[in-house]
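In case you want the letters, here they are:
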Amino acid sequence: MTEQERIDELETRVAFQEDTLDKLNSIVSTQELEILKLTRMMKIFSQQVKSLTLDLPANRPEDEPPPPHY
């Protein structure tokens, strides 16, 4: 393998690695946006569940009627 062939091979590898890094960067950016969106949605759902829980009457054992055999 000549020196020029080695240089060409290295340049090809670098170009391939740069392309791969660009693609990975794009994917990571997209995933970051998706994670932020999902985090916001989870906060909203959590608040909704808390508000629904607060609206329900407290289920205390003494509030339940006794079983029929009493």
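That block above? That's the structure.
Residues numbered from 1 in each chain as written. Predicted model: local features only at pLDDT ≥ 70, side-chain atom pairs only at ≥ 80, totals over all residues. Heavy atoms only, no water.

(A) View of the overall build of the protein chain. From N to C terminus, the protein chain includes 1 helix and 0 strands. Compactness check: the protein chain gives a C-alpha radius of gyration of 30 Å against a globular reference of 11 Å for 70 residues, more than 25% above the reference. With respect to the three principal axes, the spread of C-alpha positions in the protein chain is 95 × 25 × 10 Å. Counting over 70 residues, the protein chain shows a buried share of 0%. Of the roughly 7,100 Å² of accessible surface on the protein chain, 60% is carried by carbon and sulfur atoms. (Helix = DSSP H or I, 4+ residues; strand = E, 2+ residues; numbered from the N terminus. Rg over C-alpha atoms; globule rule 2.2 N^0.38 Å. Buried < 20%, exposed > 50% of the residue type's maximum accessible area, 1.4 Å probe, protein only. Areas by Shrake-Rupley, 256 points an atom, 1.4 Å probe, with all protein chains shown as cover.)

(B) Here's a closer look at the pattern of salt bridges. Across all of its chains, the model carries 2 salt bridges by this definition. Note that Glu9 and Arg13 form a salt bridge whose closest N and O atoms lie 3.2 Å from each other. Remark: Arg13 and Glu9 occur in helix α1 (residues 3-55); sequence separation between them is 4 residues, near one turn of the helix. For Asp19, the salt bridge goes to Lys23, with nearest N and O atoms at 3.3 Å. (Salt bridge = Lys/Arg side-chain N within 4 Å of Asp/Glu carboxyl O.)

(C) The arrangement of the environment of Glu3 in detail. Mapped onto the fold, Glu3 is located in helix α1. Each C-alpha atom of the pair Glu3 and Leu33 lies 45 Å from the other, and the pair is 30 residues apart in sequence.

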